[in-house]
Amino acid sequence: GAVFLSGQSDGRGLAVIGFSMGVPYALALASAAPDLVGKVVLFYGTGGADFSTSRAAYLGHFAANDPYEPREYVDGLEATIRHGTGKWGGAFVRA
C-alpha cells in the first residue's frame, strides 16, 4: 500500500481519511509511513497506534453521544496523539 501511495504524493504529504472502522487503518498508516502521510482526518472512530514516529497533523470529528465510541475513548485518543505528536486540531462535532 505505502509503495503505491508514495507515487501519488506531490511531495507535500498525503491526506488520509479514516471513517468509523477505517480509523485504525488511517492511524496505522500515518505511523508506519511518516514521510508519506502529512494529514489525517478521523470521523467517528478511534484506535491505537504508536504516534512517536508520525509527523502528520490530526483532525478528529466525533459525535457528542456515540454509543459505539464512548467519550473516554475519544479523549484517550486525543491525549495519546497530543503526547506522541503534539499535532491535534481536534474538532468535536456536537450532533
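Notes on the structure in this doc start here. (Residues numbered from 1 in each chain as written. Predicted model: local features only at pLDDT ≥ 70, side-chain atom pairs only at ≥ 80, totals over all residues. Heavy atoms only, no water.)

1. Thoughts on the nonpolar core
For step 1, the next point in the chain: Ranked by size, the top nonpolar core spans 18 residues in total, and within it Leu27, Val37, Val40, Leu42, Tyr58 and Leu77 carry the most contacts.
For step 2, the next point in the chain: Counting only elements with at least two residues in this core, the list comes to strand E1 (14-19), helix H2 (23-32), strand E2 (37-43) and helix H3 (71-84).
For step 3, the next point in the chain: Among the elements that make up this core, the one with the highest residue count is H2 (four residues).
For step 4, the next point in the chain: Other than its neighbours up to four places away in sequence, Val37 contacts Leu14, Val16, Leu29, Ala30 and Ala56. (Core = buried A, V, L, I, M, F, W, Y, C linked by side-chain atoms within 4.5 Å. Buried < 20%, exposed > 50% of the residue type's maximum accessible area, 1.4 Å probe, protein only. Helix = DSSP H or I, 4+ residues; strand = E, 2+ residues; numbered from the N terminus. Contact = heavy atoms within 4.5 Å.)

2. A few points about the packing of aromatic side chains
For step 1, the next point in the chain: Scanning the entire structure with this criterion turns up three aromatic pairs.
For step 2, the next point in the chain: Plain terms: the ring middles of Phe19 and Phe43 are 6.3 Å apart, the flat faces sit at 35° to each other, and that makes the pair tilted. Here Phe43 lies in strand E2 and Phe19 lies in strand E1, a separation of 24 residues in the sequence.
For step 3, the next point in the chain: Residues Phe19 and Tyr44 carry aromatic rings whose centres are separated by 6.1 Å and whose planes lie at 75° to one another, so their mutual orientation is edge-to-face. Residue Phe19 is located in strand E1, and its partner Tyr44 is located in the loop between E2 and strand E3 (57-61); the two are separated by 25 residues in the primary sequence.
For step 4, the next point in the chain: When its relative accessible area of 54% is taken as the criterion, Phe19 is described as exposed.
For step 5, the next point in the chain: Of the residues examined, Tyr44 reaches a relative accessible area of 29% and is grouped as partly exposed.
For step 6, the next point in the chain: Here a set of aromatic residues connected by ring pairs shows up, and it is made of Phe19, Phe43 and Tyr44. (Phe/Tyr/Trp six-rings, centres within 6.5 Å; stacked < 30°, edge-to-face > 60°.)

3. Focus on H3
For step 1, the next point in the chain: The end-to-end C-alpha distance of H3, which contains 14 residues, comes to 20 Å, matching closely the 20 Å that a straight helix rising 1.5 Å per residue would cover.
For step 2, the next point in the chain: When we look at burial in H3, the residues that qualify are Val74, Leu77, Glu78 and Ile81. Seen end-on, H3 carries its buried residues on one side only, within an arc spanning 100°. Residues of H3 that are exposed and point over 90 degrees away from its buried face: Glu72 and His83.
For step 3, the next point in the chain: Where H3 is buried, its residues contact H2, E2 and E3. (Expected span 1.5 Å × (residues − 1). Arc of directions from axis to C-beta.)

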